[in-house]
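Listed below, chain by chain, are the residues.
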Amino acid sequence: MNEKMGRKQLILQTFSLLAGFMVWTLLAPLFPEIVKDIPEAADQRALIVALPVILGSVLRIPFGILANKMGGRVVFLFSFIFLLIPVFYLSIATTPRNLMIAAVFLGIGGATFSIGVTSLPKYYPKDKHGFVNGVYGMGNIGTAVTSFGAPALALSFGGWQAAVQTYLVVLACFAILQFIMGDRNERKVDLPLAKQFKEVTRDYKFYFFNLWYFITFGAFVAFGLFLPGFLTDEALFNLSTIDAGIRTAIFIVIATVLRPIGGLIGDRFNALHALIITFIGLAVSGLLLAFTYNAIILFTIGCLLTAVCAGIGNGLVFKFVPTYFSKQAGISNGFVAMMGGLGGFFPPIVIDQTYNLTGSYAIGFILLSLFCLISLFTMFHMNSNLKKNQLASE
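Residues numbered from 1 in each chain as written. Predicted model: local features only at pLDDT ≥ 70, side-chain atom pairs only at ≥ 80, totals over all residues. Heavy atoms only, no water.

### Regarding the overall build of the protein chain
What counts, and what does not: Where helices and strands are cited, they refer to DSSP runs of H or I of at least four residues and of E of at least two residues respectively, numbered from the N terminus. Two things to know: the radius of gyration comes from C-alpha atoms, and the globule rule equals 2.2 Å times the number of residues to the power 0.38. Residue burial is assigned from relative accessible area. The probe radius is 1.4 Å, only protein chains are included, and a residue is buried under 20% of its type maximum, exposed over 50%, and partly exposed in between. Surface accessibility follows the Shrake-Rupley procedure with a 1.4 Å probe radius. Residue values consider only the protein chains on display as shielding. In this count, Lys and Arg are taken as positive residues and Asp and Glu as negative ones, while His and the chain termini are left out. Every charge is mapped to an atom, namely NZ of Lys, CZ of Arg, CG of Asp or CD of Glu.
Helix and strand content of the protein chain: 17 helices and zero strands. Its C-alpha atoms give the protein chain a radius of gyration of 20 Å, near enough to 21 Å, the size a compact globule of 394 residues would have. C-alpha extents for the protein chain along the principal axes are approximately 65 × 50 × 30 Å. Out of the 394 residues in the protein chain, the part that is buried amounts to 58%. Taken as a whole, the protein chain presents about 15,900 Å² of accessible surface, with 70% of it coming from carbon and sulfur. For the protein chain, the distance from the average position of its 26 positive side-chain charges to the average position of its 17 negative side-chain charges is 13 Å.

Put into structure tokens, the structure is as follows:
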């Protein structure tokens with residue numbers, strides 16, 4: 001292990017993830033401006049905004065595998081080069097179909113998450129994996145940068161198209177940085193995929209980790225996508241695009257900053273017990289939001305509690321993955337990260353659909369609490385099994 005090189009790569013890959021997430025979530029904060037030029041896209045908002053999440057989630061599996069086999073430098077480099085195409089295409093979009101095509105391939109920005117969580121633990125001992133993955137996960141703040149920055153750029157440059165084109169410069173810069181500063185000698189891991197898949201799918205903990213991250217990271221992504229439109233809705237809070245972007249950015253920053261704290265807690269204390277407390281808080285926040293979504297102060301408190309619990313929970317879950325599946329890091333990280341991304345895809349659509357059916361957003365938020373309660377049962381089950389195994393080994 002080379003921790004000196006690891007520190008250099010941790011900084012580079014964290015900022016690279018920030019750039020990837022800036023691109024991944026580009027559509028949501030700009031959508032109120034986009035529909036002014038493409039009004040027919042308004043009816044398909046939920047789908048268009050959610051499309052990047054789909055590819056960004058599914059690609060996390062091959063990206064994790066490739067990071068193991070080829071190293072983080074190569075995968076980051078080619079990701080940024082390829083992303084230049086859909087970002088430019090988005091900047092010249094004139095129809096909902098154009099937006100959908102661009103949206104799908106923007107998902108590559110979200111898939112970059114699997115690169116670092118697979119690459120960086122190679123440089124550090126296990127007792128630092130939680131903190132290292134937590135620091136890397138702070139690259140999620142790219143979502144906040146875009147939530148606040150993209151509308152501001154659109155206002156400054158006189159249109160959303162020009163704001164999108166500034167992201168071409170960001171991508172080009174990080175492609176160059178990866179080419180120059182990325183580790184060409186990163187340790188490669190090339191285990192047979194069939195063997196890795198068989199090993200992880202036979203372990204019940206693998207399914208639990210997928211469920212937990214589906215909820216914690218899903219809540220992070222879903223709120224980042226959902227809040228800009230929700231807060232600007234004329235029937236609810238009717239905030240300006242800039243104001244909604246600032247509030248969304250605050251949510252994202254809190255969740256992101258607390259991620260390494262969650263990893264550090266997992267390194268120093270019982271990570272499972274900490275996660276149980278976190279999910280109790282997340283369940284409470286869901287119930288609070290369900291009954292206060294039309295009162296700005298109480299809704300804000302509910303969102304802040306969600307941000308705190310989701311951020312700490314994200315850090316805790318990725319303490320477990322490299323601890324229990326170090327030899328299958330590529331495929332296990334890929335699957336768990338994919339489930340987190342998919343967790344961000346479904347909630348905005350579910351909330352919209354339940355609102356259309358019932359005229360209330362309450363059911364959508366109650367479902368968050370319900371999934372948290374289900375997860376708590378799995379945590380108690382795992383805790384019981386670990387105690388039994390510990391007693392058997394003594």
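There is more to say after this.
### Considering the pattern of salt bridges
To keep it simple, the criterion reads: Salt bridges are defined as contacts in which a side-chain nitrogen from Lys or Arg sits within 4 Å of a carboxyl oxygen from Asp or Glu.
Taken as a whole and judged by the stated rule, the model has five salt bridges. Measuring nitrogen to oxygen at the nearest pair gives 3.3 Å for the salt bridge that ties Lys-36 to Glu-33. With Lys-36 and Glu-33 both in helix α2 (residues 27-37), this residue pair falls three residues apart, about one helical turn. Glu-33 sits in the partly exposed class, given a relative accessible area of 23%. Between Asp-243 and Arg-247 there is a salt bridge, with the nearest N and O atoms lying 3.3 Å from each other. With a gap of four residues between them, Asp-243 and Arg-247 both fall in helix α13 (residues 241-268), about one helical turn apart. The exposure class assigned to Asp-243 is partly exposed, which follows from its relative accessible area of 26%. Under the relative-accessibility criterion, Arg-247 is labelled partly exposed at 33%.

### Let's talk about the nonpolar core
The nonpolar side chains of a soluble globular protein tend to be buried with one another. Threshold: Residue types Ala, Val, Leu, Ile, Met, Phe, Trp, Tyr and Cys, when buried and joined through side-chain atoms within 4.5 Å, form a set referred to as a nonpolar core. Note on contacts: a residue pair is in contact if any heavy atoms of the two residues lie within 4.5 Å.
In terms of nonpolar packing, the biggest core is built from 122 residues, with Leu-90, Leu-99, Phe-113, Trp-160, Trp-212, Phe-299 and Phe-365 touching the most fellow members. Sorting elements by how many residues they give to this core places helix α12 (residues 204-232) first, with 16 residues. Beyond its immediate sequence surroundings of up to four residues, Phe-113 is in contact with Leu-17, Phe-21, Arg-60, Tyr-136, Gly-137, Asn-140, Tyr-213, Arg-259, Phe-318 and Ala-337.

### Regarding the packing of aromatic side chains
For any pair of aromatic rings, geometry is given as the distance between the ring centres together with the angle between the planes. As a reminder of what qualifies: Aromatic pairs are defined between Phe, Tyr and Trp rings, using the six-membered ring for Trp, whenever the two ring centres lie within 6.5 Å; interplanar angles under 30 degrees are classed as stacked, those over 60 as edge-to-face, and all others as tilted.
The full count for this structure, using the stated rule, is 23 aromatic pairs. Relative to Phe-208, the ring of Tyr-204 has its centre 5.3 Å away and its plane inclined at 75°; by these criteria the two rings are edge-to-face. Placement of the pair is Tyr-204 and Phe-208 together in helix α12, with a separation of four residues, close to one helical turn. Consider the rings of Phe-223 and Phe-365, whose centres lie 6.4 Å apart with planes at 40°: the pair is tilted. In this pair, Phe-223 sits in helix α12 while Phe-365 sits in helix α17 (residues 362-393), placing the two residues 142 residues apart along the sequence. Each member of the pair, Phe-223 as well as Phe-365, carries the same accessibility label: buried.

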